[in-house]
Amino acid sequence: MSNSKTVLAFDYGLRNIGLAQGNQFSRTAQELKPLKAKDGTPNWDDIKRLLDEWQPDVVVVGLPLNMDDSESDLSKRARKFANRLHGRFGVAIEMMDERLSSFEAKEEASERGQFGNYSKQPIDSIAARLILESWLANQPE
């Protein structure tokens, strides 16, 4: 049996939800266009289209824990988003600690020549790719 699994990753946010797609066999990840959200609620039809297109074996959702490992309001909302993904679409969900992913995404965006205006040029999908790369690195060979 092949261990080549397709993985989608979400960086949950209140205005944007970052997206990345990856492959567990090649351990590679690429950014996808982020989804818009209204107070954390995505257009579920857009998510269904993504799931139909990529047919992931597993969906990774970033979990924004505080530096002391405690849950934040946003981490509770990210868990709720993950539960809804599973409930609506029956996909396997794994949560991944995403501490510092936004910081690293801003650094990477800056290295690409992007400075500041993250509302016009969101970094959410960079963060989703970083979350997915971390998840892939933690998977057994």
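Details of the structure are given in the entry above.
Described below are features of the structure shown in this document. Every chain is numbered on its own, with residues counted from 1 as its sequence reads. With pLDDT at 70 or above as the cut-off, local features in this predicted model cover only qualifying residues; side-chain atom pairs require 80 or more to be listed or tallied, and sums for whole chains, interfaces and linings still use all residues. With hydrogens and water excluded, all non-hydrogen atoms of the structure serve as input to the side-chain values.

Focus on the pattern of salt bridges
Heads up, the condition is: For this document, the term salt bridge refers to a Lys or Arg side-chain nitrogen within 4 Å of an Asp or Glu carboxyl oxygen. Segments assigned H or I by DSSP are reported as helices when at least four residues long, segments assigned E as strands when at least two residues long, and all are numbered from the N terminus.
Overall, the coordinates contain six salt bridges when judged by the stated rule. Residue Arg129 is joined to Glu31 by a salt bridge in which the shortest nitrogen-to-oxygen separation is 2.4 Å. Separated by 98 residues along the polypeptide, Arg129 in helix α4 (residues 124-137) and Glu31 in strand β3 (residues 28-38) bring together distant segments of the chain. In this structure, Asp46 and Arg49 form a salt bridge, with 2.4 Å as the shortest nitrogen-oxygen distance. Of this pair, Asp46 and Arg49 both sit in helix α1 (residues 44-54), three residues apart, which is roughly one turn of the helix. Each of Glu31, Arg129 and Glu133 takes part in salt bridges that share partners, so that together they form one network.

Things to note about helix α2 (residues 73-89)
Our working definition: Helix span, expected: 1.5 Å multiplied by one less than the number of residues in the helix. Only protein chains enter the area calculation, which uses a 1.4 Å probe; residues under 20% of their type maximum are buried, those over 50% are exposed, and those in between are partly exposed. Here the arc refers to the directions that run from the helix axis out to each C-beta atom. The criterion used for residue contact is that any of the two residues' heavy atoms lie within 4.5 Å.
Taking 1.5 Å of rise per residue, 17 residues should cover 24 Å, and α2 covers 24 Å from first to last C-alpha, within 8% of that figure. Among all positions of α2, only Ser75, Ala78, Phe81, Ala82 and Leu85 are buried. Within α2, the buried residues cover an arc of 115° as seen down the axis, which keeps them to one side. Exposed side chains of α2 directed beyond 90 degrees from the buried face belong to Asp73, Asn83, Gly87 and Arg88. The secondary structure elements touched by the buried residues of α2 are β1 (6-11), β2 (16-23), β4 (41-42), α1, β5 (58-63) and β6 (93-97). With its phi angle positive at about 70°, Gly90 sits one or two positions after the end of α2.

A few points about the sheet that holds β3
The condition that has to hold: In this scheme, strands are said to pair when DSSP sees at least two bridges between them. Note on definitions: angles span 0 to 180 degrees between N-to-C directions of axes, and those axes are lines fitted to C-alpha atoms, for helices only across the stretch in contact.
Strand order in the open sheet formed by six strands is β4-β3-β2-β1-β5-β6, with mixed pairing between adjacent strands. One side of each edge strand has no neighbouring strand; the edge strands of this open sheet are β4 and β6. Sheet analysis places β3 next to β4, joined by two bridges and oriented antiparallel. Counted as the bridge partner of Lys38 is Thr41 from β4. Its contacts with the sheet put α2 on β1, β2, β4, β5 and β6, and the angle it makes with β5 is roughly 165°. Those strands touched by α4 are β1, β2, β3, β5 and β6, and its axis lies near 40° from that of β2.

Some remarks on the pairing of β5
Defined as follows: Consider the strands pointing away from the viewer: the crossover is right-handed when the path from the first strand over the helix to the second runs clockwise.
Counting buried residues along β5, six of its six residues qualify, which places the element largely inside the surrounding structure. Where β1 meets β5, four bridges bridge the pair, whose relative direction is parallel. Across the sheet, Val7 pairs through a bridge with Val58, a residue of β5. Strand direction decides the pairing type here: β5 and β6, joined by five bridges, are parallel. What sits directly across from Val60, in β6, is Glu94. Tracing the backbone out of β5, into α2 and back to the parallel element β6 gives a crossover that is right-handed.

Don't take any of this as a statement about function, it's just geometry.
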